[in-house]
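Observations on the model geometry
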Amino acid sequence: MKMTFRWYGEKDSISLEYIKQIPNMSGVVTAIYDTPVGEVWELDKIKKLKALCDQAGLEMEVIESVPVHEDIKLGKSTRDKLIANYAQTIRNLGKFGVKCICYNFMPVFDWLRTDLKKKAKDGSNSLSYCHKTLLKLDPKNLRLPGWDESYSLEELNSLLEEYAHITHEKLFENLVYFLKRIMPACDETGINMAIHPDDPPWDMFGFPRIITGKDSYNRMINAVPNLHNGFTFCTGSLGAGRDNDLKEMAKAYANRIYFAHIRQLKYDNETDFTEAGHLTSTGDLDIFGIVKALVQGGFTGYVRPDHGRNIWDEDGKPGYGLYDRALGACYLNGLFEAVEKLN
């Protein structure tokens, strides 16, 4: 495996120099953030980003993410042009050594939390989700932590109306349509597409969710068997679905898991959860068992410590501070080293 770290570009408060100092850190997971969704990523912008990573001694082999335009998810008449643009972006990224693209097919919201800084007894704070709090929100006048400025209320209400006609089956058909048309670009470049599971893995505000667990994984593989069609195995997203056996899935799909987001959850009840430190003992997910299953399944992809807490008085981007994710990387390095040597 290769250990990586999410980096939000030059505006990130965490420097590449600091990331490089984390033991066994091979590279960063990053993206072009100033290109409108649906437009082709320009070669010059990719080249500049790659140069920054190279100068810091870090690889840029994983992109998270190249966003999928809502018109593609909705299956609008504009989708063919947008998919062609997406394919060209894949080809452009391939020129600079990118090996994996993490993306999602979640309508409108690619994650949902109700508190970005829930305080723990030890003084740290982290992301959390409370289903009752979410249900109290009016989707036509939505004020949601982390998403207040993602869409205007007018845009959001328009999307709510459009998605009212999109069933789970239709959304899946639109995903397959998209994948089949970008696979030639993946074949040309060798880039693997790694879809991120829905977070959390159930319907929200009437928006359908289709990448939620084992059944959806099987369905995707059967619909698009090309080996470049794979998964981002996010333990936090999948782990929120209590029916998901993460160890079983990790081992069964290891050859299709090209990217692993590993983080910990502490269940508050049947739907609610709080994100915790990465150690197995701090939450309800068996992080050791998941790593063991990945290794036993033959996983050779990229790993990153996912959402961390804000600790030691750090006031970082929620989920993306330096200290706790660095600790998580060290913990995961130790688990992988031990399991790989004993396997």
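These numbers come from a predicted model, not from an experiment.

Calculation criteria
Residues numbered from 1 in each chain as written. Predicted model: local features only at pLDDT ≥ 70, side-chain atom pairs only at ≥ 80, totals over all residues. Heavy atoms only, no water. Helix = DSSP H or I, 4+ residues; strand = E, 2+ residues; numbered from the N terminus. Buried < 20%, exposed > 50% of the residue type's maximum accessible area, 1.4 Å probe, protein only. Pairing = 2+ DSSP bridges. Axes fitted to C-alpha atoms, helices over the stretch in contact; angles between N-to-C directions. Contact = heavy atoms within 4.5 Å. Salt bridge = Lys/Arg side-chain N within 4 Å of Asp/Glu carboxyl O. Phe/Tyr/Trp six-rings, centres within 6.5 Å; stacked < 30°, edge-to-face > 60°. Core = buried A, V, L, I, M, F, W, Y, C linked by side-chain atoms within 4.5 Å. Expected span 1.5 Å × (residues − 1). Arc of directions from axis to C-beta.

**Examining unusual backbone geometry**
For the peptide bond that leads from E64 to S65, omega is 0 degrees, which places it in the cis range. Mapped onto the elements of the fold, S65 is located in the loop between β3 (59-64) and α3 (70-74). Note the cis peptide between D199 and P200, where omega equals -5 degrees. A positive phi angle, near 65 degrees, is found at N24, a position not held by glycine. Positioned with a positive phi, V108 is a non-glycine residue whose angle comes to about 65 degrees. Locating V108 in the fold gives a position in the loop between β4 (100-103) and β5 (115-119). Of the residues examined, V108 reaches a relative accessible area of 5% and is grouped as buried.

**Points about the sheet that holds strand β2 (residues 25-30)**
The eight strands lie next to each other as β1-β2-β3-β4-β7-β8-β9-β12, forming a closed barrel whose pairing is parallel. Between one strand axis and the next, the sheet turns through 30 degrees on average, direction left out of account. In terms of strand pairing, β4 meets strand β7 (residues 192-195) through four bridges, oriented parallel. If you follow I101 over to β7, its bridge partner there is M193. The strands touched by helix α11 (residues 287-297) within the sheet are β8 (229-234) and β9 (257-262), with β9 carrying the most contacts at an inclination of about 170 degrees.

**Section: the pattern of salt bridges**
Inspection of every chain in the model, using the stated rule, returns 26 salt bridges. The partner of E59 in a salt bridge is K2, and the shortest N-O contact between them spans 3.0 Å. Of this pair, E59 sits in strand β3 while K2 sits in strand β1 (residues 2-6), and the two are 57 residues apart along the sequence. Of the charged contacts in the structure, one is a salt bridge between R304 and D306, with a shortest N-O distance of 2.8 Å. A single burial state applies to R304 and to D306, both of which are buried. The structure contains a network of salt bridges with shared partners spanning R6, E64, R113, D199, R263, E275, R304 and D306.

**Comments concerning the sheet that holds β5**
Within the open sheet, the four strands sit side by side as β5-β6-β11-β10. Their pairing is antiparallel. If you trace the sheet from one side to the other, it starts and ends with β5 and β10 (264-267), each paired once. Taking the axes of each pair of neighbouring strands and ignoring which way they run, one obtains an average angle of 40 degrees across the sheet. As judged from the four bridges shared by β10 and strand β11 (residues 273-276), these two strands associate in the antiparallel manner. Residue pairing across strands places L265 opposite E275, the latter belonging to β11.

**A short note on the packing of aromatic side chains**
A full pass over the atoms with the stated rule returns 15 aromatic pairs. Measuring from centroid to centroid gives 5.7 Å for Y8 and Y33, while their planes differ by 35 degrees, and the two rings are tilted. Placement of the pair is Y8 in the loop between β1 and α1 (16-20) and Y33 in the loop between β2 and α2 (43-55), with a sequence separation of 25 residues. Here Y217 and F231 contribute two aromatic rings whose centre-to-centre distance is 3.7 Å and whose plane-to-plane angle is 0 degrees, an arrangement assigned as stacked.

**Some words on the nonpolar core**
Core analysis: the biggest nonpolar cluster contains 98 residues, and Y86, I101, Y103, L175 and F178 have the highest contact counts within it. Ranked by the residues each element gives to this core, the list is headed by helix α7 (residues 168-189), at eleven residues. Those residues within four positions of Y86 in sequence are excluded, and the remaining contacts are V66, P67, V68, I101, Y103, F178, I182 and M193. The next biggest cluster of nonpolar side chains, apart from the first, holds eight residues, and it includes V29, Y258, F259 and Y302.

**Some remarks on α2**
An ideal rise of 1.5 Å per residue puts 18 Å on 13 residues; α2 measures up with 18 Å between its terminal C-alpha atoms. Those residues of α2 that sit buried are I46, L49 and C53. Relative to the axis of α2, the buried residues are bounded by an arc of 65 degrees and lie together on one face. For α2, the exposed residues lying more than 90 degrees away from the buried face are D44, K47 and Q55.

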